[in-house]
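Understanding the architecture of this molecule
Listed below are the residues making up each chain.
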Amino acid sequence: MSDHAHAESAPAEAAKPAAESHAPAKNAGDQLKSMRDSIDAKRAEIGGKIDNATGKVHGFLRFGEVGPATKHNIFIEPVYIAGDILDATAGTAARRIWEVTETTGAMIRATLKIATGPILHPIDTIKHPLRYSANFGRIFTTSLENYANIFNAIPRSIEEVYSRGISRPIERTLGRIPKIGNTIMKLTNGLGWALKQPRRFTEWTTKPIYELDEWMKGQQG
């Protein structure tokens, strides 16, 4: 082979490592993007599971007002009465605990977004500073919501223990008695109405806090 051929092959061989030198950087970028996408997907999956579980917990613990008791055969009615009492005692305690747990969970998720946002999505964090800052706001509003839940805990619990553990069993038993059943239920419902008013008042005074937290939730990135 001539010296001229060796001279021509040398630049090509020298250029080869230079072209290959970009590959590790490109692979590192792809790996970083893949890792980020994997974390985002896992976070979205966990968030979806949490939201799904939250809905199921709300249904299982029967948040909100319960309707009139459904009448059953007198021989199996004691089973439903036992359920009413369990709902009024253990259920009421579980609802109060869940209210704190739910807001604490939201606070933790906001904290994680604050920590991971600049690392996983630095460009989005810079482009949307208000959306990122809303995570700080969510920590504040969930803290306020926890205080609101504590403020509402006693009137909520009193009303629920009465409406679920006293009024409903009375409706299932004494309310079935001919002639006097309607009178008993009027007295029972009247007392229930009176016990609802403190709950309605405290929830009305704290309603702006819950609405503020819900609004802040919508602003989060």
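Report follows, based on the coordinates. Since the structure is predicted, the reported quantities are computational estimates derived from the model, not experimental observations.

**Here we look at the overall build of the protein chain**
Counting its secondary structure elements, the protein chain contains 6 helices and 0 strands. The order of α-helices and β-strands along the protein chain, N terminus first, is α-α-α-α-α-α. Looking at the protein chain as a whole, 28% of its 221 residues qualify as buried. Counting only contacts in the protein chain whose residues sit at least 6 apart along the sequence, the fraction spanning at least 24 positions is 85%. Split by element, the accessible area of the protein chain, about 14,500 Å² in all, is 69% carbon and sulfur.

**Some remarks on the packing of aromatic side chains**
Scanning the model with the defined rule gives 2 aromatic pairs in all. Their ring planes at 85° and their centres at 5.8 Å tell us that Tyr132 and Phe136 sit as a pair that is edge-to-face. One end of the pair, Tyr132, and the other, Phe136, are both in helix H5 (residues 129-172), 4 residues apart, so they sit about a helical turn from each other. Residue classification places Tyr132 among the buried residues on the basis of a relative accessible area of 18%.

**Overview of the layout of surface pockets**
Roughly 950 Å³ of volume is contained in the largest pocket. In this structure, the largest pocket is lined by 37 residues; those nearest its centre are Glu102, Ala106, Arg109, Arg138 and Lys217. Elements that contribute at least two residues to the lining of the largest pocket include exactly helix H2 (22-61), helix H3 (77-120), H5 and helix H6 (181-219). Considering every element that reaches the lining of the largest pocket, the biggest residue donor is H3, with 13 residues. For the lining of the largest pocket, the residue count by class is 12 nonpolar, 11 polar and 14 charged. What lines the second largest pocket is a set of 19 residues, and nearest its centre among them are Val66, Ser163, Ser167, Asn189 and Lys196. Considering only residue class, the lining of the second largest pocket consists of 5 nonpolar, 7 polar and 7 charged.

**Details of the side chain of Arg168**
Here Arg168 shows up in helix H5. For Arg168, the side chain forms a polar contact with the side chain of Asp84, separated by 3.3 Å. Apart from the residues within four sequence positions on either side, Arg168 is in contact with Arg62, Val66, Gly67, Pro68, Ala69, Asp84 and Ser163.

**Here's the deal with the packing of H5 against H6**
Contact geometry of H5 with H6 gives a least axis separation of 8 Å together with a crossing angle of 170°. Comparing their axes, H6 and H5 come out roughly antiparallel. Taken together, the residues of the contact of H5 with H6 sort by class into 17 nonpolar, 13 polar and 12 charged.

**Details of the side chain of Arg164**
Relative to the elements of secondary structure, Arg164 occurs in helix H5. Look at Arg164 and you get buried, because its relative accessible area is 2%. Here Arg62 takes part through its backbone oxygen, which lies 2.7 Å from a polar atom of the side chain of Arg164. Not counting the four nearest positions on each side in its chain, Arg164 is found in contact with Leu61, Arg62, Phe63, Gly64, Val66, Asp84, Asp87, Ala88, Arg95 and Pro169.

**A closer look at the packing of H3 against H5**
The contact between H3 and H5 brings their axes to 9 Å, and the two run at 180°. Viewed along their axes, H3 and H5 adopt a mutual orientation that is roughly antiparallel. Each residue belonging to the contact of H3 with H5 can be placed in one class, and the counts come to 16 nonpolar, 11 polar and 14 charged.

Each value, and the rule that gives it
Residues numbered from 1 in each chain as written. Predicted model: local features only at pLDDT ≥ 70, side-chain atom pairs only at ≥ 80, totals over all residues. Heavy atoms only, no water. Helix = DSSP H or I, 4+ residues; strand = E, 2+ residues; numbered from the N terminus. Buried < 20%, exposed > 50% of the residue type's maximum accessible area, 1.4 Å probe, protein only. Contact = heavy atoms within 4.5 Å. Areas by Shrake-Rupley, 256 points an atom, 1.4 Å probe, with all protein chains shown as cover. Phe/Tyr/Trp six-rings, centres within 6.5 Å; stacked < 30°, edge-to-face > 60°. 1 Å grid on protein atoms, 1.4 Å probe; cavity = no way out; pocket = protein on both sides within 12 Å on 5 of 7 lines; lining within 4 Å. Points joined across faces, edges and corners; volume = space filled by probe spheres on them. Nonpolar A, V, L, I, M, F, W, Y, C, P; charged D, E, K, R; others polar. Polar contact = N/O pair within 3.5 Å; in protein donor to acceptor, adjacent residues only side chain to side chain. Axes fitted to C-alpha atoms, helices over the stretch in contact; angles between N-to-C directions. Parallel < 35°, antiparallel > 145°, perpendicular 65-115°, else oblique.

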